[in-house]
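Each chain is listed here by its residues.
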Amino acid sequence: MVRLNEIRQNEVVVTPPATVDAELVFIGRISTPWTSRMETPRQGRSDGPVCTIEIFEPWVQALAGVERFERLEVLYWLHQSRRDLVLQSPASNGEVHGTFSLRSPVRPNPIGTSIVALEKIEGNRLFVRGLDCLDGTPLIDLKPDRTLFKPIAPPQKGDFETGQVHM
Ligand code: SAM
């Protein structure tokens, strides 16, 4: 069941802190076929519809080299989500799960992530498959899929550290 904003049986709501730790900048906007949370996929699929990611200025130059990656990781702000549940009932059946054990859009910082297949780039617009967000969802970041990316900077000490317990 898709939540709009209701609280379900056995769910627990908390009062979030009033202070803000970090300020985000929305770097673009995502266009998808979905205008209702009731119809949006639970998770994007690599053979799903082509969606468009528009990058705003002054960030367009940051797309240099992105075309080399056939898959990208997209981070977006699930702007219509409530942010105050710690126990949630995805099936709406009274059985609850901790927010951090779910990929629900309802979370203290409603960040969604998807691995998308890059079809093409035209100017400041990327055409991708694999998204699961509403039309108009704000974009937070884009990165190469980590399985395709090799760090360009030389390795440093921590890259060679294994197996130690750090308390
Ligand atoms: N793939 C992402 C992840 O795992 O982090 C998001 C998964 S989340 C389960 C996807 C659901 O979030 C959609 O089915 C829809 O109900 C909801 N959703 C999509 N876009 C949203 C938005 N802009 N604001 C609030 N909810 C949204």
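The structure under discussion appears in the preceding block.
Below or above, wherever it landed, is the structure these notes cover. (Residues numbered from 1 in each chain as written. Predicted model: local features only at pLDDT ≥ 70, side-chain atom pairs only at ≥ 80, totals over all residues. Heavy atoms only, no water.)

A closer look at the overall build of the protein chain
Convention followed: Helix and strand definitions follow DSSP, with helices as H or I runs of at least four residues and strands as E runs of at least two, each counted in order from the N terminus. Only protein chains enter the accessibility calculation, which uses a 1.4 Å probe; a residue whose area is less than 20% of its type maximum is buried, one above 50% is exposed, and one in between is partly exposed. For this analysis, residues touch if any pair of their heavy atoms sits within 4.5 Å. To measure how exposed things are, a 1.4 Å probe is used in the Shrake-Rupley method; for residues, cover is taken only from the protein chains shown. Asp and Glu count as negative and Lys and Arg as positive, but His and the ends of the chain are not part of the count. A single reference atom marks each charge: NZ on Lys, CZ on Arg, CG on Asp, CD on Glu.
Scanning the protein chain for helices and strands turns up zero helices and nine strands. For the protein chain, the N- to C-terminal ordering of α and β elements is β-β-β-β-β-β-β-β-β. The C-alpha extent of the protein chain, read off along each of the three principal axes, is 50 × 45 × 30 Å. The proportion of buried residues among the 167 residues of the protein chain is 35%. Restricting the contact set of the protein chain to residue pairs at least 6 apart, pairs at least 24 apart contribute 78%. Here the protein chain displays about 11100 Å² of accessible surface, and carbon together with sulfur accounts for 54% of that area. In the protein chain, 19 positive and 21 negative side-chain charges are present, and the distance between their average locations comes to 2 Å.

A word on the sheet that holds strand 6 (residues 97–98)
Backbone hydrogen bonds are what pair the strands of a sheet, in a parallel or an antiparallel way. We count it as follows: DSSP calls a pair of strands paired once it identifies at least 2 bridges connecting them.
Pairing in this open sheet of three strands is antiparallel, and the strands run 1-5-6 from one edge to the other. Because the sheet does not close on itself, it has two edges, and the strands there are strand 1 (12–13) and strand 6. Where strand 1 lies against strand 5 (residues 85–88), two bridges are found, and the strand directions are antiparallel. Of the residues in strand 5, the one forming a bridge with Val13 is Leu85.

Some words on the sheet that holds strand 3 (residues 50–55)
For clarity, the cut-off: For helices, the axis comes from a line fit to the C-alpha atoms of the stretch in contact; other axes are also lines fit to C-alpha atoms, and the angle between any two N-to-C directions lies between 0 and 180 degrees.
With antiparallel pairing, six strands are arranged side by side around a closed barrel as 2-3-8-7-4-9. The average angle at which neighbouring strand axes cross in this sheet is 45°, direction not considered. Strand direction decides the pairing type here: strand 4 (residues 71–77) and strand 9 (residues 137–144), joined by five bridges, are antiparallel. Paired with Val74 across the bridge in strand 9 is Leu142.

Notes on the pairing of strand 3
As paired strands, strand 2 (residues 28–31) and strand 3 are joined by four bridges and run antiparallel to one another. Across the sheet, Arg29 pairs through a bridge with Glu54, a residue of strand 3. Across five bridges, strand 3 lies against strand 8 (residues 125–129) in antiparallel orientation. Looking at strand 8, one finds that Thr52 is bridged to Phe127.

Considering a nonpolar patch on the surface
In plain terms, the rule: A patch consists of residues whose relative accessible area exceeds 30% and which take part in no salt bridge; residues with like charges are grouped when within 9 Å of each other, and nonpolar side chains (Val, Leu, Ile, Met, Phe, Trp, Tyr) when within 5 Å. Salt bridges are defined by distance alone: a side-chain nitrogen of Lys or Arg within 4 Å of a carboxyl oxygen of Asp or Glu.
On the surface, Val12, Val14, Val86 and Leu87 cluster together into a nonpolar patch covering about 240 Å² of accessible area. Summarising the element assignment, Val12 is placed in strand 1. Residue class for Val12 comes out partly exposed when judged on its relative accessible area of 32%.

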